[in-house]
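Read off the chains here:
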Amino acid sequence: MQHSDKLFETIANYTYDWETWFSPDGRALWVNPAVERMTGYSVAECLSMEGYPLALVHPEDRNRIEAHLLSAAGGSSRNDVEFRILRKDREEVWAAVSWQTIVDDAGASIGFRTSVREINERKRVERELRRAYEEAERANRAKSRFLAAASHDLRQPLQAASLFVESLCQETTDPQLRHVVDSLRKCLSSTSDLLDALLDVSRLDAGVLEVQPQVFAIIDLFDRLQTDLSPAAASGGVDLRFAPSSAFVETDPILLGRVLQNLISNAVRYCRREHARVLVGARRSGAGIRLEVWDNGIGIEPDQLDTVFEEFYQVDNPQRDRTRGLGLGLAVVRRIVGLLDLGLDVRSWPGRGSVFSVQVPLADSAREATWTPESQVSERLDGFVVAAVDDEPMQLVAMSAFLSSQGGRVVTATGVDELVATLERRGLVPDALVVDYRLRDGERGGDAIGRIREALGMPVPAVLVTGDTEPARLLEANASGFELLHKPVSAGELVSTIARALRSSASSG
Ligand code: ADP
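Residues numbered from 1 in each chain as written. Predicted model: local features only at pLDDT ≥ 70, side-chain atom pairs only at ≥ 80, totals over all residues. Heavy atoms only, no water.

**Student:** Pulling in residues and values, what's your account of the packing of helix 5 (residues 120–171) against helix 10 (residues 393–405)?
**Tutor:** As a packed pair, helix 5 and helix 10 sit with axes 8 Å apart at the nearest point and diverge in direction by 30°. Viewed along their axes, helix 5 and helix 10 adopt a mutual orientation that is roughly parallel. Where helix 5 crosses over helix 10, the two elements pack in a sense that is left-handed. For the pair formed by helix 5 and helix 10, the contact residues are Q156, P157, Q159, A160, L163, F164, E166, S167 and Q170 on the first element and M394, Q395, V397, A398, M399, A401, F402 and S405 on the second. Class assignment of the residues belonging to the contact of helix 5 with helix 10 gives a composition of ten nonpolar, six polar and one charged. (Axes fitted to C-alpha atoms, helices over the stretch in contact; angles between N-to-C directions. Helix = DSSP H or I, 4+ residues; strand = E, 2+ residues; numbered from the N terminus. Parallel < 35°, antiparallel > 145°, perpendicular 65-115°, else oblique. Left-handed = near helix turned anticlockwise from the far one by under 90°. Contact = heavy atoms within 4.5 Å. Nonpolar A, V, L, I, M, F, W, Y, C, P; charged D, E, K, R; others polar.)

If you want it as structure tokens, here you go:
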């Protein structure tokens, strides 16, 4: 018996952690020598010390540790509770304590034991990780803000330029001039594509894109994509084909359309020069259907298969040749697929081609099909009075030129009061309002619409236009409940949205 006591004591004395044995009423009965290494106090000092062990605990952690000691005396056990030791030389050391009850052979409690380990290194790594994480977060926020600000500022003049070009188009009959205007239009449209992609990324990151799952026929989606994408494919010499499919699926058709559109545009862009072929098809796979985009193009090396989904990443384009795209298409695809909870896969054979595929759930029943693509009727505004409010005169001039070219009578103003006065003076009542989201003196478009309607005494249909790309602003604009257009608004989109607002007010009134 004596021999084994001695043995236990020897083992305990050599234990690296700081060990204490407390009596059931919380008095320290025995402390091992490791205490001196960790706290600077000797065993003897500890045993004769008033307030051991709390006197060795950092004052800020003392109450917490005292509560733990009381609960330990009450029979609790815990592992790895962090606190700070205040050493004899006043230095702070991070430590973690564990404790449990000690029982004798008969199972009766003879107190409890605490074991303290130093964790300075762990805390240091933790602090560094946190700092690195905060730094990354800060950089990420700064990037988002920069993108939002840059695309907002670029959107304004681009919006005006697009509308000017559209009205120029309507008026130009000279073939030579027509050619110049067409090229100008193409340049603007690719700049506008860049901003759209940036806006997509920032909207997807902000979580403001609302997912609206619907049941629809794959063939309808394929038809729409074929109409939209075939002309560009054909002019690039690419044979783009869609394999017919009778499947009905359930997901958001607009967002899925964007995914396929991006994948098909890539397939067309990275196709080989001769006998270029892109095939879009659907095949059953498990409980869903796999939509596949095949190309016989340049392919992607195995080590690049993940990287191509990163923002602005392009294989082999260090000069950032813009005719080769922007490097955002697949980043948008990845985000949308994540949002819709679909599967995404890519296989590729360098030099021979690639296949990108999206796994979509099949619909339970085709009868519930609720979505058909909108027909592309071009509309005009003949005879309607449209009132536009924007604090930037350039925008107004552009909007006015364009809306007039579409047959509308346009009244413009840089603020609500000015608009109401102008309408009164000219004896006009607008059929629709187009209002910029951010007006002078911090007025929001939604409030402006409210004031105009009040002044006119009627609920004139209204459309909000915003150049904002910052996630918080988008949420706010979305919440205003009006039909929202994002700058640069394409001419067709502007007219069709106004026409829709006119129609919905006609049918409700
Ligand atoms: P972008 O096409 O605008 O450069 P993406 O994000 O859509 O940007 O694509 C990123 C990169 O992935 C492309 O630059 C290209 O190198 C590669 N890539 C995408 N799709 C294909 C494809 N079908 N075949 C070969 N390479 C592709």
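**Student:** Requested: an account of the side chain of T414, with residues and values cited.
**Tutor:** As for its position among the elements, T414 is in the loop between strand 14 (409–413) and helix 11 (416–426). Residue T414 is classed as buried on the basis of its relative accessible area of 15%. In terms of polar contacts, T414 uses its side chain to reach the side chain of E418, at 2.7 Å. Dropping the residues within four chain positions of it, T414 is found in contact with V389, D390, D391, L396 and R440. (Buried < 20%, exposed > 50% of the residue type's maximum accessible area, 1.4 Å probe, protein only. Polar contact = N/O pair within 3.5 Å; in protein donor to acceptor, adjacent residues only side chain to side chain.)

**Student:** How would you sum up a nonpolar patch on the surface? Please name residues and give values.
**Tutor:** Together, L7, F8 and I11 make up an exposed nonpolar region whose accessible area comes to about 330 Å². Relative to the helices and strands, I11 resides in helix 1 (residues 2–13). (Patch = residues over 30% accessible without salt bridge, like charges linked within 9 Å, V, L, I, M, F, W, Y side chains within 5 Å. Areas by Shrake-Rupley, 256 points an atom, 1.4 Å probe, with all protein chains shown as cover. Salt bridge = Lys/Arg side-chain N within 4 Å of Asp/Glu carboxyl O.)

**Student:** Explain helix 8 (residues 253–269) to me, using residue names and the numbers behind them.
**Tutor:** Here helix 8 contains 17 residues, and its C-alpha end-to-end distance of 24 Å stays within 8% of the 24 Å for a straight helix at 1.5 Å per residue. Listed in full, the buried residues belonging to helix 8 are P253, L255, L256, G257, V259, L260, N262, L263, I264, N266 and A267. Near the N-terminus of helix 8, the side chain that reaches the backbone nitrogen of I254, with its oxygen 3.0 Å away, is that of D252. (Expected span 1.5 Å × (residues − 1).)

**Student:** How would you sum up helix 11? Please name residues and give values.
**Tutor:** Buried within helix 11 are the following residues: V416, L419, V420, T422 and L423. The buried side chains of helix 11 occupy one side of the element, clustering within an arc of 165° when seen end-on. Along helix 11, the residues that are exposed and aim more than 90 degrees away from the buried face are D417, E424 and R425. Taken together, the buried residues of helix 11 touch strand 13 (385–389), strand 14 and helix 12 (445–456). G427 sits one or two positions beyond helix 11 and adopts a positive phi of about 65°. (Arc of directions from axis to C-beta.)

**Student:** Before we move on, could you go through the sheet that holds strand 11 (residues 343–349) and cite the residues and values that matter?
**Tutor:** What the five strands build is an open sheet, ordered 7-9-10-12-11; its pairing is mixed. Across the chains shown, the open sheet's two edge strands, defined by having one partner strand only, are strand 7 (239–242) and strand 11. When the angles between neighbouring strand axes are averaged without regard to direction, this sheet yields 20°. Of the strand pairs in this sheet, strand 7 and strand 9 (residues 277–285) are connected by four bridges, and their pairing is parallel. Across the sheet, residue D239 finds its bridge partner in strand 9, namely R277. Each of strand 7, strand 9 and strand 10 (288–295) touches helix 7 (residues 218–235); the most contacted strand, strand 7, lies at about 175° to it. Packed onto the sheet, helix 9 (residues 329–340) meets strand 11 and strand 12 (353–361) and runs at close to 145° relative to strand 11. (Pairing = 2+ DSSP bridges.)

**Student:** Could you give an account of the environment of L305, with specific residues and numbers?
**Tutor:** Note that L305 resides in the loop between strand 10 and helix 9. When the C-alpha atoms of L305 and S162 are compared, they prove to be 37 Å apart, with 143 residues separating the residues in sequence. Those residues in contact with L305 that sit more than four places away from it in its chain are I300, V346 and S348.

**Student:** Any details on the packing of aromatic side chains? Residues and values, ideally.
**Tutor:** Under the defined criterion, the tally for this structure stands at six aromatic pairs. Judged by centre distance (4.8 Å) and plane angle (15°), the ring pair of F22 and F112 falls under stacked. Highlighted residues: F22 in strand 1 (residues 18–22) and F112 in strand 5 (residues 109–118), separated in sequence by 90 residues. Accessibility classification places F22 together with F112 in one group, the buried group. Aromatic side chains W294 and W349 sit 6.2 Å apart centroid to centroid with 5° between the ring planes, which places their arrangement in the stacked category. On the criterion of sequence distance, the pair formed by W294 in strand 10 and W349 in strand 11 is long-range, its members being 55 residues apart. We classify W294 as partly exposed; its relative accessible area is 29%. Taken together, the ring pairs connect W18, F22, Y52 and F112 into an aromatic cluster. (Phe/Tyr/Trp six-rings, centres within 6.5 Å; stacked < 30°, edge-to-face > 60°.)

**Student:** Can you break down the environment of E454 residue by residue, with the values?
**Tutor:** Relative to the helices and strands, E454 is located in helix 12. Its relative accessible area of 65% is what places E454 among the exposed residues. Taking the C-alpha atoms as reference points, E454 and Y52, 402 residues apart in sequence, are found 76 Å from one another.

**Student:** Residues and numbers for the sheet that holds strand 3 (residues 78–86), please.
**Tutor:** What holds strands together in a sheet is hydrogen bonding between their backbones, with the strands either parallel or antiparallel. Across the sheet, which stays open at both edges, the five strands sit in the order 2-1-5-4-3 with antiparallel pairing between neighbours. Here the strands that pair on one side only, and so sit at the sheet edges, are strand 2 (28–31) and strand 3. Each neighbouring strand pair of the sheet contributes to a mean axis angle of 25°, computed without reference to strand direction. Of the strand pairs in this sheet, strand 1 and strand 5 are connected by five bridges, and their pairing is antiparallel. The residue bridging F22 from the neighbouring strand is F112, located in strand 5. The sheet contacts of helix 4 (residues 59–73) involve strand 1, strand 3, strand 4 (92–103) and strand 5, and relative to strand 3 the element is tilted by about 145°. Packed on one face of the sheet, helix 5 meets strand 3, strand 4 and strand 5 and runs near 125° to strand 4.

**Student:** Mind laying out unusual backbone geometry, listing which residues take part and the relevant values?
**Tutor:** Omega for the bond connecting Y52 with P53 falls within 30 degrees of zero, at 5°, which places this linkage in the cis form. At D341, a position not held by glycine, the phi torsion is positive, near 60°. When its relative accessible area of 69% is taken as the criterion, D341 is described as exposed.

**Student:** Any chance you could break down the packing of helix 7 against helix 8 for me, citing the residues and the numbers?
**Tutor:** The contact between helix 7 and helix 8 brings their axes to 10 Å, and the two run at 30°. The angle between helix 7 and helix 8 places the two elements in the roughly parallel class. In the crossing of helix 7 with helix 8, the sense of the turn from one axis to the other is right-handed. Contacts between helix 7 and helix 8 pair L221, F222, R224, L225, L229 and A233 from the former with P253, L256, G257, L260, Q261, I264, S265 and V268 from the latter.

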